[in-house]
Protein chains: 2
Amino acid sequence: MKDGFIPLAAPVARLIEELSKLPGIGPKTAARLTYYLLRRPAPEATALAEAVLALKEKTILCSACQNIAEADPCPICASPERDRATLCVVEEPLDILALERTRKYRGLYHVLHGAISPLEGVGPEQLRIRELLSRLQGGQVKEVILATNPNLEGEATAMYLQRLLVPLGLRVTRLARGLPVGGDLEYADEVTLTRALEGRQEF
Amino acid sequence: MKDGFIPLAAPVARLIEELSKLPGIGPKTAARLTYYLLRRPAPEATALAEAVLALKEKTILCSACQNIAEADPCPICASPERDRATLCVVEEPLDILALERTRKYRGLYHVLHGAISPLEGVGPEQLRIRELLSRLQGGQVKEVILATNPNLEGEATAMYLQRLLVPLGLRVTRLARGLPVGGDLEYADEVTLTRALEGRQEF
């Protein structure tokens, strides 16, 4: 797209470039989205632009759980209906969404905003661990569920937190590993299958 | 996402909704993009929002070729180096980009902004055909290359234009159909292979 030979209108080239910066969007998809917006009525593009601006201008981090919110504390932390003895630690705000969709968890959350990853230069000090520890000092929390991702970085983070939290006398748990519901045993990888065997339960 | 149960900050929900309207972007991708933007520094989101706004505010249609441009006439129509006797008719501005990338075409363009599609309620009157005909009245154009897409709608549009243009005494041509370069004969569909056979050329 950066070919001077191609007379692309500057605003078109600029949006293609901006969209290409988003994860999973290459130059071809960016061009398609740009020309799609060009064909749509102006208010539609304006609505998108304003939504992008509002995202940064009108959101804050909840000072308790560190989740993205409009108010501090966020609705979950403020809710009298949530169980304040249980804290679920997740990597990203999207993970809260996934857990809330189950409608089975009624405790509070804590968002780390990442996972320990030496390769990407992310150490414990870059995560919201200090905030987690200060929350736990209140003594209200009895169980911490480590719900980091079941991958290398998530496991390393869970391990790190476990070592930090067990000495505090807290119950520290981890989400169960096993076969995904609706999955096929035949296609399960060895590690998942091993975990499913280890974690097998009585009927 | 439209679940009242899930306490999603309104600006977050709003951007997810706006992004979901884009073609090829479902609610999950929209959520991923939204949280990606949340993690990025504010100027990056602002740059994206401004690029979306500028797209509509700072572009016009070239009154000659109907392509998206910043100036009227657009750089191609204004260029003294382009061959004014040849006009290539395309469906969308992106098609011009593809043709310019070949660096082999030196004529002018005309963008129809769509193709005839009875199923989608697009008739010839919705396309920029009137503008095409008034351009051809000047008598400068000797050849019209119909470069609509090689699909049902594109073929119907080309057929329609051909009937309209041949009586005007113009040379009307169509892009060659055949095997895509780098493709594999084994995987070519019958229609393409038939066209490749019909259009075979001497070594």
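Residues numbered from 1 in each chain as written. Chains lettered and ligands numbered in written order. Predicted model: local features only at pLDDT ≥ 70, side-chain atom pairs only at ≥ 80, totals over all residues. Heavy atoms only, no water.

Caption draft 1: How the structure looks around the overall build of chain A. Scanning chain A from terminus to terminus reveals 8 helices and 6 strands. Its helices and strands taken in sequence order, chain A reads α-α-α-β-β-α-β-α-β-α-β-α-β-α from the N to the C terminus. Taking 17 Å as the expected radius of gyration for a compact globule of 203 residues, we find that chain A reaches 22 Å, considerably beyond that expectation. Dimensions of chain A, computed from C-alpha atoms along their principal axes, come out at roughly 65 × 45 × 35 Å. The buried share of chain A, taken over its 203 residues, is 41%. (Helix = DSSP H or I, 4+ residues; strand = E, 2+ residues; numbered from the N terminus. Rg over C-alpha atoms; globule rule 2.2 N^0.38 Å. Buried < 20%, exposed > 50% of the residue type's maximum accessible area, 1.4 Å probe, protein only.)

Caption draft 2: Up close: the environment of Pro150 of chain A. Residue and element names in this part refer to chain A. In this fold, Pro150 is placed in the loop between strand S5 (143-146) and helix H7 (152-165). With a relative accessible area of 62%, Pro150 lands in the exposed category. Spatially, the C-alpha atoms of Pro150 and Ala176 are 9.8 Å apart, while their sequence positions differ by 26 residues. Discounting residues that sit within four places of it in the chain, Pro150 has contacts with Glu155, Arg174 and Arg177. (Contact = heavy atoms within 4.5 Å.)

Caption draft 3: Structural view of the relation of the copies chain A and chain B. Expressed as a screw transformation, the operator carrying chain A onto chain B has a rotation angle of 180 degrees and an axial translation of 0.0 Å, and the superposed copies differ by an RMSD of 0.1 Å. Seen this way, the second copy is the image of the first under a two-fold rotation axis. In terms of C-alpha distance to the rotation axis, chain A has Ala49 of chain A as its closest residue, with the C-alpha 2.1 Å off the axis. By residue overlap, the copies meet face to face through one surface: 100% of the interface positions of chain A are interface positions in chain B. (Least-squares fit on C-alpha atoms with pLDDT ≥ 70 in both.)

Caption draft 4: Expanded view of the pattern of salt bridges. All names here are of chain A. Counted according to the given criterion, the structure contains 18 salt bridges over all chains. One salt bridge in this structure joins Glu44 and Arg40, with 2.9 Å as the shortest N-O distance. When the shortest N-O distance is used, the salt bridge between Arg82 and Glu100 registers 2.8 Å. Placement of Arg82 in the loop between helix H4 (75-78) and strand S3 (83-90) and of Glu100 in helix H5 (residues 93-102) is noted, with a sequence separation of 18 residues between them. By relative accessible area, which is 7% here, Arg82 ends up buried. Given a relative accessible area of 1%, Glu100 falls into the buried group. A single network of salt bridges, built from pairs that share partners, joins Glu155, Arg174, Arg177 and Arg195. (Salt bridge = Lys/Arg side-chain N within 4 Å of Asp/Glu carboxyl O.)

Caption draft 5: Region of interest: the interface of chain A and chain B. Listed per partner, the contact involves 58 residues of chain A and 58 residues of chain B. Taken together, both faces of the contact between chain A and chain B bury some 5,500 Å²; the carbon and sulfur share is 75%. At the junction of chain A and chain B, the tally comes to 4 salt bridges. At the boundary of chain A and chain B, one finds 10 residue pairs in polar contact (both at pLDDT 80 or more). Sorting the residues of the side of chain A that touches chain B by element identifies helix H1 (10-20), helix H2 (27-39), helix H3 (42-57), strand S2 (68-69), H4 and H5 of chain A as the ones contributing at least two each. Looking at side-chain class alone, the side of chain A that touches chain B contains 38 nonpolar, 3 polar and 17 charged residues. (Buried area = accessible area lost by both parts, 1.4 Å probe. Polar contact = N/O pair within 3.5 Å; in protein donor to acceptor, adjacent residues only side chain to side chain. Nonpolar A, V, L, I, M, F, W, Y, C, P; charged D, E, K, R; others polar.)

Caption draft 6: The arrangement of the sheet that holds strand S6 (residues 171-174) of chain A in detail. All names here are of chain A. The sheet built from 4 strands is open, its strands ordered S4-S3-S5-S6 with parallel pairing. Taken across any chain shown, the strands that pair with only one partner, and hence form the sheet edges, are strand S4 (107-111) and S6. For this sheet, the mean inter-axis angle between neighbouring strands, taken without regard to orientation, is 25 degrees. Here S3 runs beside S5; their pairing, made up of 4 bridges, is parallel. Looking at the pairing, Cys88 lines up with Ile145 of S5. Helix H6 (residues 129-136) rests against S3, S4 and S5 of the sheet, and its axis sits at about 150 degrees to S4. (Pairing = 2+ DSSP bridges. Axes fitted to C-alpha atoms, helices over the stretch in contact; angles between N-to-C directions.)

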